[in-house]
Amino acid sequence: MDKVWRVVDTGLRPAAENIAFNRALLEARQAGEIPNTLRFLRFTPSALLGYHQSAEQELELGYCRANQIEVQRRITGGGAIYFDETQLGWELYLAKPDLGCADMAQISRRICEAAARGISSLGVEARYRPRNDIEVDGRKISGTGGAFEGNALMFQGTLLIRFDVEKMLRVLRIPAEKLSGKAITSARERVANLADLLGFVPDTEAIKWVLSAAFAQEFGVSFLPGELTVPELVRYREALAEIIRPEWIDQIVRPAADMPLLQAVCKFPGGLLRASLAFDAPARRIKQVWFSGDFFVSPKRTVADLEAALRDVPLAEIEPRIAAFFAQAQADLQSLAPADFVAAIKQAVE
Amino acid sequence: MALVRGCNFPDDLYYDVEDNVWARLEADGNIAIGMTSQGCALSGEIVAWTAKKVGRVVDQHKSTGTVESGKWVGPVKAPVGGEIVAVNEAAVAIPSTINADPYGAGWLLKLKPADWERDAPALLSGAAAAEAFEAKMQAEGFAGCA
């Protein structure tokens, strides 16, 4: 008989509560108090920082305050996101020994590929894009991240059902000209949602079902709906008491000036290339880069893939990384050369 | 130096095999700690290291801070209990130093041990450490350090 894992749905909640549950369930799994668990969750409007990020560097805090958008810090890594009722969250709490592998990148891949299969069964072609995105035709539809504690891990993802791109641009400090038509178009080229792709808003229960089925198949288990237990609720109350305090959000504070948003527009014989980047100045590392402009590349998704490959890359390493990317990607650049992307980034930084 | 599945484990260090951390007894009695080469290989490229503050007292096997790699966040456990007396700010500023030189420039922090004699028996070194790492790698299906 299949092993049985638990599935819970904690419904629509403020970010602090959702994050307190992250810690509570991860600790409870590590302590052996709960079985492997799949949790579905939803958020009231929230701006969520990655664990090691600074609110000042990642968010438009004035806009968040004026629009009752709760700012919170996740316990998982990765970048800041805007999360509201139009998205569904999914999380797995697992004991590492049940996976038979301790390599974190492989664990991410396995979970993301299963999630992508589940999403695809709704009628879109979702794929895992390293390191931690699930995308449809180069556009991100689900971002993911993880945390571990001893022999337990939690891996979580978002799924964009409908999505307000303009709101995202207002909330996040990202390298795009704010709220220009171009920025919104650029963002739409990078972010997808199920409603736009399918032409209708899929039923949340159906989405939960396909994700559960995909994880069940991947891990050879069946899911049984369950309720939160007393030990989890005790841990949750303790975690919430810490997470609702300002000290939790302020534990990492870095000035926005240390992560400038830089831009360069370069005219090459093959076309116009604009590089917009968020740059970690003290570490001299690219946090995020967006390329746009007037040039030809096929397939179109190449640009999004290149942007994903350049996340967190030290400036000193961009030349070999970009060369390696194009050596591997089956892309037709026609007019531009890989070196042009290097030159545009360097010009933006200098 | 022991070499286990391509991962090196210097002989002069003490290892907490389960938590994949090392400890080095310094001349001044403090303990330098860091991640092992296998820990770095399992994590992949480290993009953040945030230590607890100098002055904080940490129990053995409890978290001294967190590392992030490939969007995973996890604790670095203290191989011995003690007070944090120094943090490697160079590794905070350029976390990839930890992958590049885990036993040297990529050390994480220093502890003033609460009771080295009490905590040290939980750690392994030399051939015993190598044997324990091999058994752990076997159990985890770990292919090897690149």
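Nothing here was measured: the structure is a model prediction, and the numbers come from that model.

J.: Looking at this model, I keep getting lost on the interface of chain A and chain B. Mind explaining?
T.: Interfaces are often sized by the accessible area lost when the parts come together. Taken together, the contact between chain A and chain B spans 32 residues of the former and 21 residues of the latter. Both sides of the chain A and chain B interface together cover about 2,100 Å² of buried area, and 54% of this is carbon and sulfur. Taken together, chain A and chain B are joined by 3 salt bridges. Its salt-bridge partner being aspartate 133 of chain A, residue lysine 71 of chain B comes within 3.6 Å of it at the nearest N-O pair. Run the count over chain A and chain B and you get 13 residue pairs in polar contact (both at pLDDT 80 or more). Taken together, the residues that form the side of chain A that touches chain B break down as 13 nonpolar, 12 polar and 7 charged.

J.: I tried to follow the nonpolar core on my own but got confused; where do I start?
T.: Soluble globular proteins: nonpolar side chains tend toward being buried together. Residues and elements named next belong to chain A. Leu59, Leu211 and Phe215 are the most contacted members of the largest nonpolar core, which has 92 residues in total. Considering each element in turn, this core owes the most residues, 9 residues, to helix H1 (residues 15–30). In this structure, Ala264, Cys266, Phe268 and Phe295 belong to the second largest nonpolar core, which totals 29 residues.

J.: Would you take a moment to explain the sheet that holds strand E11 (residues 109–113) of chain B for this structure?
T.: Each strand in a sheet pairs with another by means of backbone hydrogen bonds, the pair being arranged parallel or else antiparallel. Read across the sheet, 6 strands follow the order E3-E4-E5-E11-E10-E7 (chain B) without closing on themselves; strand pairing throughout is antiparallel. In the strand order of this sheet, the two ends are held by strand E3 (14–16) and strand E7 (57–58) of chain B, each with one partner.

J.: I keep staring at the packing of helix H12 (residues 318–328) of chain A against helix H13 (residues 338–349) of chain A and nothing clicks. Help me out?
T.: The description of two helices packed together rests on the angle between their axes and the distance between the axes. All names here are of chain A. Packing of H12 against H13 leaves a shortest axis separation of 9 Å and a crossing angle of 150 degrees. One way to sum up the angle between H12 and H13 is to call them roughly antiparallel. As H12 runs across H13, the sense of the crossing is right-handed. In this structure, H12 uses Ile318, Glu319, Ile322 and Phe326 to contact H13, whose residues at the interface are Pro338, Phe341, Val342, Ile345 and Lys346. Residue composition of the contact of H12 with H13, by class: 7 nonpolar, no polar and 2 charged.

J.: In this structure, what is going on with the domain arrangement of chain A? I would like to understand it.
T.: Residue and element names in this part refer to chain A. We note that the domain assignment places domain 1 (3–249) and domain 2 (259–349) within chain A. On the domain 2 side, the residues contacting the 18 residues of domain 1 number 19 residues. When domain 1 packs against domain 2, the two sides together hide about 1,600 Å² of surface, and 51% of this comes from carbon and sulfur. Three residues stand out in domain 1 for area buried against domain 2, namely Arg173, Pro175 and Arg190, and they jointly supply 40% of the buried area on that side. Linking domain 1 to domain 2 there are 3 salt bridges. The residue arginine 129 makes a salt bridge to aspartate 305 at a minimum N-O spacing of 3.4 Å. Of all the elements in the fold, those that place two or more residues in the side of domain 1 that touches domain 2 are helix H2 (55–58), strand E7 (126–129) and helix H6 (181–190). A per-element tally of the side of domain 1 that touches domain 2 places H6 first, with 5 residues.

J.: Help me understand the pairing of strand E14 (residues 285–294) of chain A in this model?
T.: Residue and element names in this part refer to chain A. The element E14 is largely enclosed, with a buried count of 7 among its 10 residues. As paired elements, strand E13 (residues 271–280) and E14 share 9 bridges and run antiparallel to each other. Within E14, the position partnered with leucine 277 by the bridge is valine 289. Between the end of E13 and the start of E14, which pair antiparallel, lie 4 residues, with arginine 284 showing a positive phi angle near 50 degrees.

J.: For this particular structure, what's the right way to read H12 of chain A?
T.: What sets the pattern is the α-helix's 3.6 residues per turn: residues three or four places apart point alike. All names here are of chain A. Within H12, the full set of buried residues consists of Ile318, Ile322, Phe325 and Phe326. Seen along its axis, H12 keeps its buried residues to an arc of 90 degrees; they face one direction. In H12, the exposed positions angled more than 90 degrees off the buried face are occupied by Pro320, Ala327 and Gln328. Residues of H12 that are buried in the fold lie against E14, helix H11 (302–309) and H13.

J.: When you look at the environment of asparagine 36 of chain A in this model, what are you seeing that I'm missing?
T.: All names here are of chain A. With respect to the element layout, asparagine 36 can be found in the loop between H1 and strand E2 (37–43). Between the C-alpha atom of asparagine 36 and that of glutamine 328, which follows or precedes it by 292 residues, the distance is 38 Å. Not counting residues up to four positions away in its chain, the partners in contact with asparagine 36 are Trp5, Arg6, Arg29, Tyr93, Leu94, Ala95 and Asp98. Reaching out from asparagine 36, the side chain makes a polar contact with the side chain of arginine 29 at a distance of 2.7 Å.

J.: Would you mind showing me how to read the state of the cysteines here?
T.: Should the sulfur atoms of two cysteines be covalently bonded, the bond is a disulfide. Residue and element names in this part refer to chain B. Throughout the structure, instances matching the rule amount to 1 disulfide over all chains. Note that cysteine 7 is cross-linked by a disulfide to cysteine 145, the S-S spacing being 2.0 Å. A torsion of 100 degrees about the S-S bond marks the disulfide between cysteine 7 and cysteine 145 as right-handed. Of this pair, cysteine 7 sits in strand E2 (residues 7–9) while cysteine 145 is found in the segment after helix H5 (126–140), placing the two residues 138 residues apart along the sequence. Here cysteine 7 matches cysteine 145 in class, with each residue buried.

J.: Quick question: what am I supposed to make of the packing of H1 of chain A against helix H9 (residues 230–243) of chain A here?
T.: Residues and elements named next belong to chain A. Two numbers describe how H1 lies on H9: the axes approach to 8 Å, and their chain directions differ by 130 degrees. Taken together, the axes of H1 and H9 are oblique relative to one another. When the axes of H1 and H9 are compared, the crossing they make is right-handed. Facing Ala16, Glu17, Ile19, Ala20, Phe21, Arg23, Ala24, Leu25, Glu27 and Ala28 of H1, the residues of H9 in contact are Glu232, Leu233, Arg235, Tyr236, Ala239, Leu240, Glu242 and Ile243. Of the residues assigned to the contact of H1 with H9, the class counts are 12 nonpolar, no polar and 6 charged.

J.: Teacher, can you tell me more about the side chain of glutamate 58 of chain A here?
T.: Residue and element names in this part refer to chain A. Tracing the backbone through its elements, the reader meets glutamate 58 in helix H2. Buried glutamate 58, no salt bridge; nearest opposite-charge side chain is arginine 254, N-O distance 5.7 Å. Residue contacts for glutamate 58: discarding those within four places in its chain leaves Leu49, Gln53, Ala80, Val171, Leu172, Arg173 and Met259.

J.: What is the right way to read the side chain of threonine 37 of chain A from this model?
T.: Residue and element names in this part refer to chain A. With respect to the secondary-structure elements, threonine 37 resides in strand E2. For threonine 37, the side chain forms a polar contact with the main-chain oxygen of proline 35, separated by 2.8 Å. Dropping the residues within four chain positions of it, threonine 37 is found in contact with Arg6, Val8, Leu25, Glu91, Leu92 and Tyr93.

Scoring rules and cut-offs
- Residues numbered from 1 in each chain as written.
- Chains lettered and ligands numbered in written order.
- Predicted model: local features only at pLDDT ≥ 70, side-chain atom pairs only at ≥ 80, totals over all residues.
- Heavy atoms only, no water.
- Contact = heavy atoms within 4.5 Å.
- Buried area = accessible area lost by both parts, 1.4 Å probe.
- Salt bridge = Lys/Arg side-chain N within 4 Å of Asp/Glu carboxyl O.
- Polar contact = N/O pair within 3.5 Å; in protein donor to acceptor, adjacent residues only side chain to side chain.
- Nonpolar A, V, L, I, M, F, W, Y, C, P; charged D, E, K, R; others polar.
- Core = buried A, V, L, I, M, F, W, Y, C linked by side-chain atoms within 4.5 Å.
- Buried < 20%, exposed > 50% of the residue type's maximum accessible area, 1.4 Å probe, protein only.
- Helix = DSSP H or I, 4+ residues; strand = E, 2+ residues; numbered from the N terminus.
- Pairing = 2+ DSSP bridges.
- Axes fitted to C-alpha atoms, helices over the stretch in contact; angles between N-to-C directions.
- Parallel < 35°, antiparallel > 145°, perpendicular 65-115°, else oblique.
- Left-handed = near helix turned anticlockwise from the far one by under 90°.
- Domains from an automatic or database assignment.
- Arc of directions from axis to C-beta.
- Disulfide = S-S within 2.5 Å.
- Lys, Arg positive; Asp, Glu negative; His and termini not counted.

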